[in-house]
Amino acid sequence: MSLAFVHAHDCSEPHSDAVWGVAWTSADTALSVSADGSVKQWSAASGQPHPPNAPFPPAHTLGLVSLSVAPDARCAIYNSVEGLTALWDLTTGDVAAKFESYVRTTDDAEPSWSVSIHPSGQTYASSGGSGRVSIRSARPADFGTRISTLSSGRHKFGLYCSHSPDGRKIAMSSETGQIFVFDIESAALVATYSSHAMPVRSLAWSPDSSLLLSASDDKRLVLHDVRTSPGGTVASFTGHASWVLSADIAPDGRLALSGSADKTIKVWDIAARAPLATVQDTGEVWAVSWRPKPPASAAGAGANAFVSAGEDGVVRWWRGAGAGAAAV
């Protein structure tokens, strides 16, 4: 089996520096954050700014390194390189709250690097240099207030953190290649994976929260079954010629997506453990995101599409070229 994906369109106003995060939302828009300090929202159908003629939040003085969007697309959280976390209300377009995680209010305070909003939209998780995950309030009134701390027991930089879709677990990857999975309710470390020996820069959960895909500088992606005992590696995906920088799993759980420093995007058949398509991009691909299940209003549109972004600052949409694939 093979698939072909073709370029649909680009964003109309590229970022002036690399894009380090992108997310296709359930409202059929896409958000992007960049090293130029800006965060933008686009219409997935046209690549034009969304809403039309509405201003984006003011650009930050330093680069934005992490982005997380609530499943209902009502809000998003993004984080800067020095640890300024912002809550963007997507219904009004306003920045509803900010949290300066780099301000040392307690002895164990640390700047955030990666952020992930809980599916409920009420809390978010952050990781940084200590190897811990902090659970914080995502409510505007007390945004950033720490609720609990999950400890990996290892003082390793937390490059990426991500909530499971069911909201029960959170995974954190480290600069040394280890991956830690926590149960949020009990605050327990339930699994540690040593599947990589180099930094893991991206994680992606399957829609049923049973599988976790990791992307690493070792040029591999590894699939883990979090239902099994610790160390539950299911498969390894090889084929990239350089660092794998980003990953995502499709809403039906059948396909995976990866972006690499080798300037390609690969689509993988999870069951067959095999690549289905390779898309050539113009630079390092730092972010990829599948289209969620399309809204009911998008008659005839399929979920067989994704968005990518990276080194050149351009957000790009791609669609399946096979029979029955609808235009983005």
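Parameters and conventions
- Position numbers for residues count from 1 along each chain, tracking the sequence in the order it is written.
- Local features in a predicted model are, by the rule used here, given only for residues with pLDDT of at least 70; side-chain atom pairs are given and counted only at 80 or more, and totals for whole chains, interfaces and linings are based on all residues.
- Excluding hydrogens and water, the side-chain values take into account all heavy atoms of the structure.
- A helix here means a DSSP run of H or I that spans at least four residues, while a strand means a run of E at least two residues long, and both kinds are numbered starting from the N terminus.
- Note on method: radius of gyration uses C-alpha positions; expected globular size equals 2.2 Å times residues raised to 0.38.
- Throughout this description, buried means an accessible area under 20% of the type-specific maximum (1.4 Å probe, protein chains only), exposed means over 50%, and partly exposed covers the range between.
- The contact definition used throughout considers only heavy atoms, calling two residues in contact when any of these lie within 4.5 Å.
- Residue-level accessible areas treat just the shown protein chains as cover; the underlying method is Shrake-Rupley with a 1.4 Å probe.
- Under the convention used here, Asp and Glu are negative, Lys and Arg are positive, and both His and the chain ends fall outside the count.
- Here the site of a charge means atom NZ of a Lys, CZ of an Arg, CG of an Asp or CD of a Glu.
- Two strands pair under a simple rule: DSSP has to find at least two bridges between them.
- Axes, fitted as lines to C-alpha atoms, cover a helix only where it is in contact. Angles between the N-to-C directions of the axes lie from 0 to 180 degrees.
- Classification of ring pairs uses Phe, Tyr and Trp, with its six-membered ring standing for Trp, and accepts pairs whose centres are within 6.5 Å; under 30 degrees between planes counts as stacked, over 60 as edge-to-face, and the remaining range as tilted.
- What makes a salt bridge here is a side-chain nitrogen of Lys or Arg within 4 Å of a carboxyl oxygen of Asp or Glu, nothing more.

**Quick look at the overall build of the protein**
Then, in step 1: Along the protein, the regular secondary structure elements total zero helices and 27 strands.
Then, in step 2: For the protein, the C-alpha radius of gyration of 18 Å lies close to 20 Å, the compact-globule estimate for 328 residues.
Then, in step 3: The C-alpha extent of the protein, read off along each of the three principal axes, is 55 × 50 × 35 Å.
Then, in step 4: Within the span of the protein, comprising 328 residues, buried residues form 55% of the whole.
Then, in step 5: In the protein, the share of contacts with a sequence separation of at least 24, taken over all contacts with a separation of at least 6, comes to 46%.
Then, in step 6: Accessible area for the protein stands at about 13,000 Å²; split by element, carbon and sulfur atoms hold 51% of it.
Then, in step 7: Once the 24 positive and 30 negative side-chain charges of the protein are each reduced to a mean point, those two points are 5 Å apart.

**With respect to the sheet that holds strand β9 (residues 114-117)**
Then, in step 1: Taken together, four strands build an open sheet; the order of strands is β9-β10-β11-β12 and the sheet is antiparallel. The sheet terminates laterally at β9 and β12 (146-151), the two strands that pair on one side only. The average undirected angle you get between the axes of adjacent strands in this sheet is 20°.

**Some details on the packing of aromatic side chains**
Then, in step 1: As enumerated under the stated definition, the model contains nine aromatic pairs in all.
Then, in step 2: The rings of F5, W290, F306 and W318 are connected pair by pair, giving a single aromatic cluster.

**As for the environment of T123**
Then, in step 1: With respect to the helices and strands, T123 occurs in strand β10 (residues 123-127).
Then, in step 2: Once the C-alpha coordinates of T123 and R136 are considered, the two residues, 13 residues apart in sequence, prove to be 5.5 Å apart.
Then, in step 3: Those residues in contact with T123, other than ones at most four positions away along the chain, are I117, H118, I135, R136, S137, A138 and I147.

**Observations regarding the pairing of strand β27 (residues 316-320)**
Then, in step 1: With respect to burial, β27 is a largely interior element, four of its five residues being buried.
Then, in step 2: Bridge count for strand β1 (residues 5-10) against β27 is five bridges, and the pairing is antiparallel. Residue pairing for β27: H9 is matched across the bridge by W317.
Then, in step 3: Relative to β27, strand β26 (residues 305-310) runs antiparallel, the two being bridged by four bridges. Residue pairing for β27: S308 is matched across the bridge by R316.

**Some points on the pairing of strand β14 (residues 169-174)**
Then, in step 1: The element β14 is largely enclosed, with a buried count of five among its six residues.
Then, in step 2: Hairpin connection between strand β13 (residues 158-163) and β14: a loop of five residues separates the two successive antiparallel strands, and G167 in this loop has a positive phi of roughly 75°.
Then, in step 3: Relative to strand β15 (residues 179-183), β14 is paired through five bridges, and the arrangement is antiparallel. The residue bridging I170 from the neighbouring strand is F182, located in β15.
Then, in step 4: In this antiparallel pair of consecutive strands, β14 and β15, the connection spans four residues, and G177 shows a positive phi of 105°.

**Some remarks on the sheet that holds strand β17 (residues 200-205)**
Then, in step 1: With antiparallel pairing, the four strands of this open sheet are ordered in space as β17-β18-β19-β20. Strands with a single pairing partner mark the edges of an open sheet, and in this sheet they are β17 and β20 (233-238). On average, each strand axis in the sheet is inclined to that of its neighbour by 20°, with strand direction left out of account.

**Remarks on the environment of W113**
Then, in step 1: Note on placement: W113 falls in the loop between β8 (95-100) and β9.
Then, in step 2: Counting along the chain gives 32 residues from W113 to V81, while the straight-line C-alpha distance between them is 6.6 Å.
Then, in step 3: Residue contacts for W113: discarding those within four places in its chain leaves V65, S66, N79, V81, S127, G128, F157, G158 and L159.

**Some points on the pattern of salt bridges**
Then, in step 1: If you walk through the whole model with that rule in mind, you get nine salt bridges.
Then, in step 2: D217 is the salt-bridge partner of R201, the closest N and O atoms lying 2.7 Å from each other. Note that R201 is positioned in strand β17 and D217 in the loop between β18 (211-216) and β19 (220-225), a separation of 16 residues in sequence.
Then, in step 3: Taking the shortest distance from any N to any O, the salt bridge between R316 and D312 comes out at 2.9 Å.
Then, in step 4: Taking relative accessible area as the criterion, R316 reaches 11% and is therefore assigned buried.
Then, in step 5: The exposure class of D312 is partly exposed, given its relative accessible area of 31%.
Then, in step 6: Among the ionic contacts, a cluster of salt bridges with common partners joins D10, D281, D312 and R316.

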